[in-house]
Amino acid sequence: MIKDKNIVLGVTGGIAAYKAVEIASRLRKVGAKVHVVMTKAATSFVTELTFREITGNPVTTTMWGEVANWNVEHIALAKLADLVLIAPATANVIAKAANGIADDMLTTMLLATKAPVYFAPAMNTNMLENPVTQENIRKLESLGWHQIEPDSGYLACGVSGAGRLPEPSAIVERIEDHFIDSDSMKGLKVLVTAAGTYEPIDPVRYIGNRSSGKMGYAVAEAARNRGAEVVLVSGPSALKPPAGVRIIKLESACDMRDAVLAEYPDTDIVIKAAAVADYRVRNVAENKIKKKDEELVLVLDKNPDILKELGQLKKPNQVLVGFAAETRNLMEYAQEKLQKKNLDMIVANDVSKPGAGFNTDTNLVKIITRDSDVKELPMMDKKRIAEVIVDMAKEKLQEKCRG
Ligand code: PMT
């Protein structure tokens, strides 16, 4: 939990520095102790006094302060931090950090700290997309830093594109996630499936669906945040897999079945958010099918029902969670799947509602357990829904293990 954790908030000199005030305020509201380190450039955008009032702590802006500041000098702050957040992170601070340059209080503290570091790049799109910046970001990520990816939208420089600092609420949620019961699933293996499958027609065409992978990737992230060993079996998706999860990428339902069954025997919890194609093309053409005047008839064979197979093979101490994507009779169809496929829980989403289902950031779900408890959630961000699903699955496992 984030309560009483020491967060060192590094504020650098970008126009988005004003948003750091709200970040500091929100962090304090959720119970964190916030210590702000500002670069010299940041003080041109926001005053030190603002942060001092908001956080109730001294604000550090220079290496060469009064002796009264000894208790917040760079080594002390580096040691004190449970987590360091740099928001906004300019191209300049990212470049310095990636190259070990320590020429002010913030960069010196960054070099000295062993705490996890989150950074939220915010800058002009061209600067962000510049290969040098991208290489620096990748380098920091490869060293274990966590990037809070910039949003796209209207930028202060008058153009629209990637480079906006995400909303303070989203940044603070990310930081809260870091502290969520980070050990509560330690020792457990969680297998998550995500995104849709592609069923080939010929070398260039396929039958697919609109699943983006957002729901499944959020589930994988939530389990990872709780300390589980996570295997994410994913159909094609444009998303970046959460750091620290083992990703298995594939395309077809048959390949997904093989991957899932291979991982299943020593898995504690399976959460199947993937939208698996129910049918595949019988005779996949070896070469690209040429357009002809007559109609094209494809014969489709039924794909294996992976979830059903898992239900049949399920051991007493395994928890199996399915999803149901329905446009009508949501509860009836979901209940039917829960029973027929021997699931412990099913997440029923009404994909006919705007903002819910395929390729949206939010979802509208009811979670039904085998003992017919129904948890109805309001329209929520998929990341928050994922947390509820993972926590419920963990409780089910605990119940089973207690016998
Ligand atoms: O990826 P997003 O864009 O974020 O969208 C999320 C989602 C809408 C895809 C997700 O929330 C969701 O509902 N996933 C399940 C979609 C689906 O295929 O539902 P279904 O009712 O057809 O399948 C029921 C369950 O059986 C699912 O757990 C599915 O993974 C599984 N299944 C289905 C067919 C099959 N051949 N094998 C399976 O294992």
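Here, every reference points to the structure presented above.
The paragraphs below set out a description of the structure included in this document. Just so it is clear, the structure is predicted and the values come from calculations on it, not from any experiment.

1. Notes on the site of the ligand
Here's step 1: Neighbouring the ligand are 28 residues; S211, S212, K337, N349 and N359 lie closest to it.
Here's step 2: The backbone of K214 places a nitrogen or oxygen atom 3.3 Å from an oxygen atom of the ligand.
Here's step 3: At a separation of 2.7 Å, an oxygen atom of the ligand approaches a polar side-chain atom of K272.
Here's step 4: When the free accessible area of the ligand is taken as 770 Å², the share hidden by the protein chains comes to 95%.
Here's step 5: Listing elements by their share of the shell around the ligand, those giving two or more residues are helix 9 (214-225), helix 11 (306-313) and strand 16 (319-326).
Here's step 6: The element contributing the most residues to the shell around the ligand is strand 16, with 4 residues.
Here's step 7: The residue inventory of the shell around the ligand, partitioned by class, reads 13 nonpolar, 8 polar and 7 charged.

2. A few points about the pattern of salt bridges
Here's step 1: With the rule as written, the count across this model stands at 30 salt bridges.
Here's step 2: Taking the shortest distance from any N to any O, the salt bridge between D183 and K186 comes out at 3.5 Å.
Here's step 3: Here K383 and E221 are joined by a salt bridge, their closest N and O atoms 3.5 Å apart. In this pair, K383 is assigned in helix 13 (residues 382-402) and E221 in helix 9, connecting sequence segments 162 residues apart.
Here's step 4: For K383, a relative accessible area of 34% translates into the label partly exposed.
Here's step 5: E221 sits in the buried class, given a relative accessible area of 13%.

Parameters and conventions
Residues numbered from 1 in each chain as written. Predicted model: local features only at pLDDT ≥ 70, side-chain atom pairs only at ≥ 80, totals over all residues. Heavy atoms only, no water. Near = heavy atom within 4 Å. Polar contact = N/O pair within 3.5 Å; in protein donor to acceptor, adjacent residues only side chain to side chain. Areas by Shrake-Rupley, 256 points an atom, 1.4 Å probe, with all protein chains shown as cover. Helix = DSSP H or I, 4+ residues; strand = E, 2+ residues; numbered from the N terminus. Nonpolar A, V, L, I, M, F, W, Y, C, P; charged D, E, K, R; others polar. Salt bridge = Lys/Arg side-chain N within 4 Å of Asp/Glu carboxyl O. Buried < 20%, exposed > 50% of the residue type's maximum accessible area, 1.4 Å probe, protein only.

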